[in-house]
Amino acid sequence: MNNAEPTQEQLKKFWEWCGFKWIIDIHSNYWSETQDYSHWKNPDGKDCKFPDITLDNLFKYAVPKLVRYKLECADMMNKTHRATFWTGATTYVEVDSNKPELALFWAIYSVIK
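Residues numbered from 1 in each chain as written. Predicted model: local features only at pLDDT ≥ 70, side-chain atom pairs only at ≥ 80, totals over all residues. Heavy atoms only, no water.

Visitor: Help me get a handle on the packing of helix 1 (residues 8–17) against helix 3 (residues 100–112), residues and values and all.
Guide: It is the contact of helix 1 with helix 3, at a shortest axis distance of 11 Å, that shows an interaxial angle of 75°. Classed by the angle they form, the pair helix 1 and helix 3 counts as roughly perpendicular. The residues of helix 3 that touch helix 1, namely those facing Gln10, Leu11, Lys13, Phe14 and Trp17, are Phe105, Trp106, Ile108, Tyr109 and Ile112. Residues of the contact of helix 1 with helix 3, tallied by class, amount to eight nonpolar, one polar and one charged. (Axes fitted to C-alpha atoms, helices over the stretch in contact; angles between N-to-C directions. Helix = DSSP H or I, 4+ residues; strand = E, 2+ residues; numbered from the N terminus. Parallel < 35°, antiparallel > 145°, perpendicular 65-115°, else oblique. Contact = heavy atoms within 4.5 Å. Nonpolar A, V, L, I, M, F, W, Y, C, P; charged D, E, K, R; others polar.)

Visitor: Give a description of the pattern of salt bridges that names residues and reports values.
Guide: In the structure shown here, the tally under the stated rule is six salt bridges. Across the pair lysine 41 and aspartate 47 runs a salt bridge, and its minimum N-O distance is 2.8 Å. Given a relative accessible area of 52%, aspartate 47 falls into the exposed group. Between arginine 82 and glutamate 94 there is a salt bridge; the shortest N-O distance is 3.7 Å. Of this pair, arginine 82 sits in strand 7 (residues 80–86) while glutamate 94 is found in strand 8 (residues 92–97), placing the two residues twelve residues apart along the sequence. Judged by its relative accessible area of 23%, arginine 82 falls in the partly exposed class. (Salt bridge = Lys/Arg side-chain N within 4 Å of Asp/Glu carboxyl O. Buried < 20%, exposed > 50% of the residue type's maximum accessible area, 1.4 Å probe, protein only.)

Visitor: Kindly report on the packing of aromatic side chains, identifying the contributing residues and their values.
Guide: A complete count under the given rule lists nine aromatic pairs for this structure. Aromatic pair phenylalanine 14 and phenylalanine 105: ring centres 4.6 Å apart, planes at 50°, arrangement tilted. Here phenylalanine 105 lies in helix 3 and phenylalanine 14 lies in helix 1, a separation of 91 residues in the sequence. When its relative accessible area of 0% is taken as the criterion, phenylalanine 105 is described as buried. Both rings, one in tryptophan 15 and one in tyrosine 61, keep their centres 6.4 Å apart while their planes meet at 85°; by these two values the pair is edge-to-face. Linking tryptophan 15 in helix 1 with tyrosine 61 in helix 2 (residues 55–62), this pair joins segments that are 46 residues apart in sequence. Relative accessible area serves as the criterion here: at 0%, tryptophan 15 is assigned to the buried category. Grouped by ring-pair contacts, the aromatic residues Phe14, Trp15, Phe20, Tyr61, Phe105, Trp106 and Tyr109 constitute a single cluster. In this structure, lysine 65 packs its charged tip against the face of tryptophan 17, placed 5.5 Å from the ring centre. (Phe/Tyr/Trp six-rings, centres within 6.5 Å; stacked < 30°, edge-to-face > 60°. Lys NZ or Arg CZ within 6 Å of the ring centre and 35° of its normal.)

Okay, structure coming up:
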């Protein structure tokens, strides 16, 4: 069972794979301190904050990119949530978690590594 929260590095890799871009925008001049205006842009090119791991965001940005895989999600007696990606005819990645969004995140992350 994987209930671990992803690290910032894992989140950055995941959302960049989904099409988000980290824009580095640092301004400096001789009369003021360096200011960092770096920010995220979503796949539509609009400025946004760092995306949260929610089922809405996962199904909007990540799942559609996995066109070669079959996704199965199950609620195991309201205690454990399971996300399974079939990567081939007989191979799959399966993740269980107490939170459905973490089960889906870690299953997708396992496929994109």
